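# Fold and contact review
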Amino acid sequence: MTTDKRRTPAKAAKTATGTARSVTKTSSAKTAAKTVAKPSAKAAPVAAVKERKQVDIPVDAQGKPDLLSVRAQIDGIDHEIQSLIAERALWAHQVGKAKGKLAAAVDYYRPEREAQVLRRVVDRNEGPLSDEVLVRLFREIMSACLAQQEPLKIGFLGPEGTFSQQAVYKHFGHSAKALPLATVEEVFDEVAAGHADFGVVPVENSGTGTIQSTLDLFLTSPLMICGEVELRVHQYLLSRTGHIEDIERVYSHALSLAQCKAWLRQNLPKVEKHAMVSNAEGARRARNSDDAAAIAGENAAHAYGLKVVAGPIEDRDDNTTRFLVIGRSSFPPSGNDRTSLLVFIRDQPGALYRILEPLARRMISMNRIESRPAHGKLWQYAFFIDVAGHAEEAPLKDALAEIDEFAGEVRVLGSYPVAVP
Ligand SMILES: O=C(O)C(=O)C[C@]1(C(=O)O)C=C[C@@H](O)C=C1
């Protein structure tokens, strides 16, 4: 076997990403395994990442990478990764101890810290894996580290297989325990009652807009917004037979039907459309008859034994749903936060202007304003406003103090880290 100095994974990475990198090696996997730190009171801060030595790709007689040797490299790297993950888990356990004896798993969770860790992952990324893939891997690591104390319990709009469930795992990782609930109201209730640590609820879609029914629940709920999740949503037409010509009825959540409106008009203009409480409920119905179909995520096909008739069938390429994470407490700033406000204005000239002017004067950007009828006050309105920044930090803190003087009531629904991809 020889080595080919011209062909290294470093060059492959460069081709894939346009970024110059070198494939390097620190110490042997065996050494790494031996050096797993046992955190102690005297432990020094973790040293900077060691430079890895450049390794040439071993090639066979035909000049192709030699499979066994390349796999041996991967085995060595896996060994190192595993040792480092184990070491990280030990340190995370120490963080838990540093926080002291807390009442429950939820008290160990720190969304602002997780967002900072993930932003650093994105900043460091030079490919070849995408930011999204790396963030997903690191979220899983943090999720597993946190679950050493006890897994978080997260309520979502069930049953199994909904996009809400995907949003739960995207944000909290698979070590969290996802609790399927029948309605979004029930998600609010279970979190408020302490049966779930957090809830994940859909609040807006890039194409169909705000989900008013979710927003309205904040009018009467004491819960806080602790995070946001953005999920790319791909819709599929699913049925028992897999044949489009059999379909006479389509079941899905009203929002999913709306996201595929043009596709349905063009491809199934005559079918009946039935709005369901969730996409998964639609899939459950569709599996009971040959002339029915559901619109749902691809994973619902596996979960409910259906065949994919067509997909993705959403009308917009960028179809994305934004979910909110709801909980019982607020969290400190992460460095890149958004704040959701609920403002009840007085019925007087210029009232809305007086609310917005303190924000504009401080160059605080506002990316949403929605008015909703205020409960119990005829023809009076509440404004849901999303602004950049954290309510405990300038300049938003000062703007809120000013707004408070003019508004009938200002509630900070929550300050939370801007979604990491
Ligand atoms: O830094 C902390 O506070 C931790 O508990 C550690 C850690 C992590 O694994 O990095 C785990 C869970 C928290 O939600 C945030 C971060």
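Residues numbered from 1 in each chain as written. Predicted model: local features only at pLDDT ≥ 70, side-chain atom pairs only at ≥ 80, totals over all residues. Heavy atoms only, no water.

### Focus: the overall build of the protein
For the protein, the count of helices and strands is 14 helices and 17 strands. Scored against the burial criterion, the 421 residues of the protein give a buried share of 44%. Across the protein, the fraction of contacts at a sequence separation of at least 24, relative to all contacts at a separation of at least 6, is 77%. Carbon and sulfur atoms make up 54% of the accessible area of the protein, which totals about 22,000 Å². (Helix = DSSP H or I, 4+ residues; strand = E, 2+ residues; numbered from the N terminus. Buried < 20%, exposed > 50% of the residue type's maximum accessible area, 1.4 Å probe, protein only. Contact = heavy atoms within 4.5 Å. Areas by Shrake-Rupley, 256 points an atom, 1.4 Å probe, with all protein chains shown as cover.)

### Considerations on the UniProt feature "domain: ACT" (unreviewed entry) in the protein
Sequence positions flagged by UniProt for "domain: ACT" (unreviewed entry) are, in local numbering, residues 340-417. Helix makes up 28% of residues 340-417 and strand 38%, and the two end C-alpha atoms of the span are 11 Å apart. (UniProt positions renumbered as here; feature names shortened; annotations may be inferred.)

### What to know about the packing of helix α3 (residues 67-98) against helix α5 (residues 131-147)
With their axes 9 Å apart at the nearest point, α3 and α5 run at an angle of 45° to one another. Comparing their axes, α5 and α3 come out oblique. Relative to α5, the crossing made by α3 is right-handed. Along the contact surface, α3 presents Ile 85, Arg 88, Ala 89 and Ala 92, while α5 presents Ile 141, Met 142 and Cys 145. (Axes fitted to C-alpha atoms, helices over the stretch in contact; angles between N-to-C directions. Parallel < 35°, antiparallel > 145°, perpendicular 65-115°, else oblique. Left-handed = near helix turned anticlockwise from the far one by under 90°.)

### Here's the deal with the pattern of salt bridges
Within the structure shown, the criterion is met by 15 salt bridges. Among the salt bridges present, the one from Arg 284 reaches Glu 281, with a minimum N-O distance of 2.8 Å. With Arg 284 and Glu 281 both in helix α11 (residues 279-286) and 3 residues apart, the pair spans about one turn of that helix. On the basis of relative accessible area, Glu 281 is assigned to the buried category, the value being 18%. With a shortest N-O distance of 3.1 Å, Asp 318 and Arg 316 are connected by a salt bridge. Owing to a relative accessible area of 38%, Asp 318 belongs among the partly exposed residues under this scheme. Taking the relative accessible area as the measure of exposure, Arg 316 reaches 39% and is therefore partly exposed. If you follow the salt bridges from partner to partner, you end up with Glu 204, Glu 228, Arg 322, Arg 338, Arg 368, Glu 370 and Asp 386 in one network. (Salt bridge = Lys/Arg side-chain N within 4 Å of Asp/Glu carboxyl O.)

### Section: the site of the ligand
Every residue near the ligand is listed here: Arg 88, Val 95, Lys 99, Tyr 108, Tyr 109, Arg 110, Arg 113, Glu 114, Met 142, Cys 145 and Leu 146. In the model, an oxygen atom of the ligand is placed 2.7 Å from a nitrogen or oxygen of the Lys 99 side chain. Separating an oxygen atom of the ligand from a backbone N or O atom of Arg 110 is a distance of 2.9 Å. Here the ligand loses 91% of its free accessible area of 360 Å² to cover by the protein chains. When residues of the shell around the ligand are traced back to their parent elements, those giving at least two are α3, α4 (111-124) and α5. (Near = heavy atom within 4 Å. Polar contact = N/O pair within 3.5 Å; in protein donor to acceptor, adjacent residues only side chain to side chain.)

### Description of the pairing of strand β5 (residues 198-205)
Most of β5 sits inside the fold, with 7 of its 8 residues counted as buried. Looking at chain direction, strand β3 (residues 153-157) and β5 are connected through 3 bridges and run parallel. Within β5, the position partnered with Gly 155 by the bridge is Gly 199. Relative to strand β13 (residues 320-327), β5 runs antiparallel, the two being bridged by 6 bridges. Within the sheet, the bridge partner assigned to Pro 202 lies in β13 and is Phe 323. (Pairing = 2+ DSSP bridges.)

### Remarks on the UniProt feature "domain: Prephenate dehydratase" (unreviewed entry) in the protein
Under the present numbering, the feature "domain: Prephenate dehydratase" (unreviewed entry) in UniProt falls on residues 153-328. Secondary structure within residues 153-328 divides into 32% helix and 34% strand; the distance between the first and last C-alpha atoms comes to 13 Å.

### Some details on the sheet that holds strand β12 (residues 307-310)
Pairing is mixed across the open sheet formed by 5 strands, whose spatial order is β10-β9-β11-β8-β12. Bordering the open sheet on either side are β10 (272-276) and β12, each of which pairs with just one other strand. Geometrically, the sheet is characterised by an average inter-axis angle of 35° between neighbouring strands, direction not taken into account. Pairing of strand β8 (residues 236-239) with strand β11 (residues 292-296), which is carried by 4 bridges, proceeds in the antiparallel orientation. By the bridge assignment, Ser 239 is partnered in β11 with Ala 293. Of the strands in this sheet, β8, β9 (249-253), β10 and β11 are in contact with α11, which crosses β11 at around 155°.

### Things to note about the environment of Ser 371
Tracing the backbone through its elements, the reader meets Ser 371 in strand β15 (residues 366-373). By relative accessible area, which is 39% here, Ser 371 ends up partly exposed. Remark: the alpha-carbon pair of Ser 371 and Gln 212, spanning 159 residues in sequence, is separated by 9.9 Å. Apart from residues lying up to four places away in sequence, Ser 371 is in contact with Tyr 381, Ala 382 and Phe 383.

### Notes on the sheet that holds strand β17 (residues 409-417)
Strands belonging to one sheet form pairs held by backbone hydrogen bonds; the direction of such a pair is parallel or antiparallel. Sheet architecture is open: 4 strands sit in the order β15-β16-β14-β17, paired in antiparallel fashion. Every interior strand has two partners, whereas the edge strands, β15 and β17, have only one. On average, each strand axis in the sheet is inclined to that of its neighbour by 15°, with strand direction left out of account. In terms of strand pairing, strand β14 (residues 337-344) meets β17 through 8 bridges, oriented antiparallel. If you follow Arg 338 over to β17, its bridge partner there is Tyr 416. In the packing of helix α14 (residues 396-406) onto the sheet, contacts are made with β14, β16 (381-388) and β17, and the angle to β17 comes to roughly 165°.

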